[in-house]
Amino acid sequence: MIRRQRLAAGVCALLAALTAGLAFPGPAAADETEQAAPKVELVLDVSGSMRTRDIDGGTRMAAAKQAFNEVLDATPEEVQLGIRTLGANYHGNDRKTGCKDTAQLYPVSTLDRTEAKTAVATLSPTGWTPIGPALLKAADDLNGGDGARRIVLISDGEDTCQPLDPCEVAREIAAKGIGLTIDTLGLVPDAKTRDQLSCIADATGGTYTSVQHKEQLTDRVGQLVDRAADPVVTPVATEGAGACSSAPSLKSGLYTDREEFGQQRWYKVAVEPGQEVRASVSVADDRAVNPDYGVLLRAVTLHGREIVRGEAAGDGRTDVISTGLRYPRPESDDENASAETVCLQVTNSFSAAAGVKTTPGLPLELTVDVVDGPSKAGDVASFGLGRGWWLLGALVLAGFVAGLLWGWVSRWRVAVWRTN
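The structure reproduced in this document is the subject of the present report. The shown structure was predicted, so the numbers you read here are calculated from the model rather than taken from an experiment.

Enumeration according to the criterion identifies three disulfides in this entry. Across the disulfide, C99 is cross-linked to C161 (sulfur-sulfur distance 2.0 Å). Looking down the S-S bond of the C99 and C161 bridge, the torsion is -100°, so its handedness is left-handed. You can see C99 sitting in the loop between α3 (95-98) and β5 (102-110) and its partner C161 sitting in the loop between β6 (149-155) and α6 (166-175), a full 62 residues away along the chain. The residue that forms a disulfide with C244 is C343, at a sulfur-sulfur distance of 1.9 Å. The sign of the S-S torsion, about -70°, decides the handedness of the disulfide formed by C244 and C343: left-handed. Pair noted here: C244 is in the loop between β9 (236-237) and β10 (249-250) and C343 is in strand β17 (residues 340-348), with a separation of 99 residues, a long-range link. Just as C244 is buried, C343 falls in that class too.

Shown next, in the form of structure tokens:
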């Protein structure tokens, strides 16, 4: 009896292993494409409030210096790092002058740890909090090149240079399509500081962290610098048109654009016979919007006939809404058959909340992939499974055989029990 049970269990395990092997093929080879050196600029608030002693018994400035020293020691060799300050040099009370007080303490370059540490050691809490101007300058410091670019802003208070709203500045930076991310850290923040720093991070797809302790600050800054060294795909900036005839032609890749409230944008993709175009779009509500909105992605012909569509709706409880579509073009017996132009239309139904600026438009990210199509174009219409039918069949067969074996073992055990 024990041998029979082990045999049945072994058969079931073998079938499960074969099924898992079919469902989860081995990993593909990693992309070994060499990427440009990542750039990071640490932007530190050196305003007068940084003298406050409320982080582990020491001043906020002391905690920031310690964090910088430890992060500089651990910065990966491939990362080009710079340091910019705000409120570090002007001691007076003239607001206009104080709001220009931002300077690059250490240029974005291959890191000389001793020189950078020496520069940080000279800092003393002084003046105003011009976050907006500092972000604009930091974006210029990181301009150029194709690698990942990241600003890490460390501040303990609100910007004191309104009406230049740093949140609007962050949106303007993101609208340039340069792939720059701003992460923010608030030192013992109040509610207003937290909201402002969160808004800055959200506008560029970054993160916000509230910091209460020295170790927490060191760990988080170190994580963000290390993250810049991770391989990333930087979206290519493009600008959709108001009609398909004047739309930009896109190839396989990741693209970024801006779309105003209620606007539609057009893009073109060339699809050869036997190829399939796969497209997806994500639109982020990076500011307060009214609930009940949607995003529509359509593939249409040059003559306006709809081929396929994807749509999604939201109710205000998410910050990104996404949808996608697939269109396989059948193979042709005509050797001279030309590529078909597929027009992609992206439309949104967002509306701005009261008092919210509508410019720049909402961040839009579009992914386009043109690949060899399935053996038959109709395969994709089979409940969306495409070539996955063979896998479904294998799973059904494995489940059927396993069920028979389990039923036979169960009946045999019941028969033995009754006999005994």
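Further remarks concern the sheet that holds β9. The strands that make up a sheet pair up through hydrogen bonds in the backbone, lying either parallel or antiparallel. Taken together, the five strands give an open sheet; going across it, the order is β9-β11-β18-β13-β16, and neighbouring strands pair in mixed fashion. The open sheet terminates on both sides in strands that have one partner only, identified here as β9 and β16 (320-328). With two bridges joining them, β9 and strand β11 (residues 253-259) adopt parallel strand pairing. Within the sheet, the bridge partner assigned to A237 lies in β11 and is T256.

With that out of the way, let us pick up the sheet that holds strand β4 (residues 80-86). In spatial order, the strands read β5-β4-β1-β6-β7-β8; together these six strands make up an open sheet with mixed pairing. Looking along the sheet, the strands with just one partner apiece sit at the ends: β5 and β8 (208-211). Here the average twist between neighbouring strands, direction ignored, is 15°. Direction of pairing for strand β7 (residues 180-187) relative to β8: parallel, over a ladder of four bridges. Bridge pairing links L185 to T209 in β8.

The rules behind each value
- Residues numbered from 1 in each chain as written.
- Predicted model: local features only at pLDDT ≥ 70, side-chain atom pairs only at ≥ 80, totals over all residues.
- Heavy atoms only, no water.
- Disulfide = S-S within 2.5 Å.
- Helix = DSSP H or I, 4+ residues; strand = E, 2+ residues; numbered from the N terminus.
- Buried < 20%, exposed > 50% of the residue type's maximum accessible area, 1.4 Å probe, protein only.
- Pairing = 2+ DSSP bridges.
- Axes fitted to C-alpha atoms, helices over the stretch in contact; angles between N-to-C directions.

Functional significance is not addressed by these values, which are geometric in nature.
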